[in-house]
Amino acid sequence: MKSRAEKGLVRLNVLDESGRRQYVCPADVHGRFARVRPWVFAALIALYLALPWIKIGGYPAVFLDVAERRFHLFGLTLAVQDLWLMFFVITGLGFSLFFVTALLGRIWCGWACPHTVFLDHVFRRIERLIDGDAVRRRALDEAPMDAGKFLRRALKHTLYVLAAAVIAHLFLAYFVSLPAVWRMVQDEPAAHWSAFVFMAVATGALYFNFAWFREQMCIVICPYGRIQSALIDDHSLVIGYDTKRGEPRGKAGTAGAGDCIACNRCVHVCPTGIDIRQGLQMECVGCTACIDACDDVMTRLHRPRGLIRYDSQKAFTGHRTRWVRPRTILYGVLLAVGASVAVWALSTVRRKNSACCHSSR
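Only a predicted model underlies this, so the values are computations on that prediction, with no experimental measurement involved.

Criteria and thresholds
- Residue numbering note: each chain is counted from 1, following its sequence as written.
- Reporting in this predicted model follows two pLDDT cut-offs: at least 70 for local features of residues, and 80 or more for side-chain atom pairs to be given and counted; totals over whole chains, interfaces and linings ignore these cut-offs and use all residues.
- Hydrogen atoms and water are omitted, and side-chain values are computed over all heavy atoms in the structure.
- Numbering of helices and strands runs from the N terminus; a helix is a DSSP stretch of H or I covering at least four residues, while a strand is a stretch of E covering at least two.
- When accessible area is computed with a 1.4 Å probe and restricted to protein chains, residues below 20% of their type maximum are described as buried, those above 50% as exposed, and intermediate ones as partly exposed.
- Contacts are assigned to residue pairs with any non-hydrogen atoms lying within 4.5 Å of each other.
- Accessible areas in this description were obtained via Shrake-Rupley with a 1.4 Å probe; residue shielding takes into account the shown protein chains only.
- Here Asp and Glu are counted as negative and Lys and Arg as positive; His is not counted, and neither are the chain ends.
- One atom stands in for each charge, and that atom is NZ of Lys, CZ of Arg, CG of Asp or CD of Glu.
- Throughout, a disulfide means two cysteine sulfur atoms within 2.5 Å of one another.
- The angle between two axes is taken between their N-to-C directions and runs from 0 to 180 degrees, where each axis is a line fitted to C-alpha atoms and a helix contributes only its stretch in contact.
- Should an angle fall under 35 degrees it is called roughly parallel, over 145 degrees roughly antiparallel, and 65 to 115 degrees roughly perpendicular, with every other angle called oblique.
- Left-handed is the label given to a crossing in which the near helix is rotated counterclockwise from the far helix by less than a right angle, and right-handed is the label when the rotation is clockwise.
- Pairing between strands is defined by DSSP: at least two bridges between the two strands are required.

K.L.:
Would you mind showing me how to read the overall build of the protein chain here?
P.N.:
In terms of regular secondary structure, the protein chain is built from 16 helices and seven strands. With respect to the three principal axes, the spread of C-alpha positions in the protein chain is 85 × 60 × 35 Å. In the protein chain, which comprises 361 residues, the proportion classed as buried is 42%. The long-range share in the protein chain, meaning contacts at least 24 apart out of those at least 6 apart in sequence, stands at 71%. Looking at the protein chain as shown, the accessible area adds up to about 20000 Å², and 67% of this sits on carbon and sulfur atoms. The distance from the centre of the 45 positive side-chain charges to the centre of the 28 negative ones in the protein chain is 5 Å.

K.L.:
Mind showing me how you'd approach the state of the cysteines here?
P.N.:
A covalent bond between the sulfur atoms of two cysteines is referred to as a disulfide. Applying the stated rule across the entire model yields zero disulfides. You can see Cys113 has no disulfide; the closest cysteine sulfur is in Cys109, sitting 6.0 Å from it.

K.L.:
Mind showing me how you'd approach the packing of helix 5 (residues 114-131) against helix 7 (residues 147-176) here?
P.N.:
Think of two packed helices as two axes; the pair is described by the angle between the axes and how far apart they sit. The geometry of helix 5 relative to helix 7 is characterised by a closest axis approach of 9 Å and an angle of 160° between their N-to-C directions. Relative to helix 7, the element helix 5 lies roughly antiparallel. Helix-helix and strand crossings are classified by hand; for helix 5 and helix 7 the assignment is right-handed. Residue-level contacts link Phe118, Val122, Phe123, Ile126, Glu127, Ile130 and Asp131 of helix 5 to Arg152, Arg153, Leu155, Lys156, Leu159, Tyr160, Ala163, Ala164 and Ile167 of helix 7.

K.L.:
Got a minute to help me understand the sheet that holds strand 4 (residues 70-73) in this structure?
P.N.:
Within a sheet, adjacent strands bond to each other through the backbone by hydrogen bonds, running parallel or antiparallel. Ordered in space as 3-4-5, the three strands form an open sheet in which the pairing is antiparallel. Looking at which strands have only one partner, the edges of the open sheet turn out to be strand 3 (62-65) and strand 5 (76-79). For this sheet, the mean inter-axis angle between neighbouring strands, taken without regard to orientation, is 15°. In this structure, strand 3 lies alongside strand 4, joined through four bridges in antiparallel fashion.

On their own, these measurements won't tell you what the molecule is for.
In structure tokens form, the structure reads like this:
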């Protein structure tokens, strides 16, 4: 029976000999996707921060006023008795996710999921700033506790808690508005006991998730990775490894070897610690780090880029990708139906709001 090493299988996110989880320290990567993703993440964070500030019709763009049982969404006001209409809106969003996933795989996870956005663009940036690159972080983890390590740990986790508190307060603003949050912050905790407990619990949960749990949220908790196998097929766009071109692996200059030189750079930059060369896996969140890492190695070796790339599993085997197929047609029809009903539902609410405004005058 061959061992994992003899089979060429590499994986960082595994249990150690004592059965404890090994902490993943993804290496830094540079490339075309690594240049674009920070801009996308910055725009999304700016959107999350701006929504409670933007006023539409006298209310924040997204204001879920639980106390008054009114929900304001981009100029529409829904009362409690109107919430049944949200079923159609949520259904339309669900079919949108199905359709996008069938075409583009886990593009949501790698580019727009709030967990990915805040983890990569906020908390891992703090970690790199305090602890250094992946090599230094691993060395620091293994080093004995001394004054220098203690100060680094204290500073890093203090910044983690502050970032988690900011996100938690922003989340609360969606339910009570920003002015109300500011008043709560200025008052004593006893004056708003329930909000204070909520903020403490939310901050603690966010800190635990982004400081320690991290990729386990995607692997263990989030159901999307598990249901993606039911949403995609061999023609869906995924991140994959060109086995025909890369195998057999061997060092540069080895006679008969493929383009993969078994440097394992794609594994070391992966935030979930998987080996993309093993094929499509539930743990892959589509972050594109392995693409940039492999392209960098191929460029240095003067070989064509794209050994790891966005493509369909059919294309990796030499066949043509079909974008129009029964799955995408079905999801597209369901999306159109869901969107039509959602538009009808929202227009019904808009007419109702207009009628209420005219009657009040």
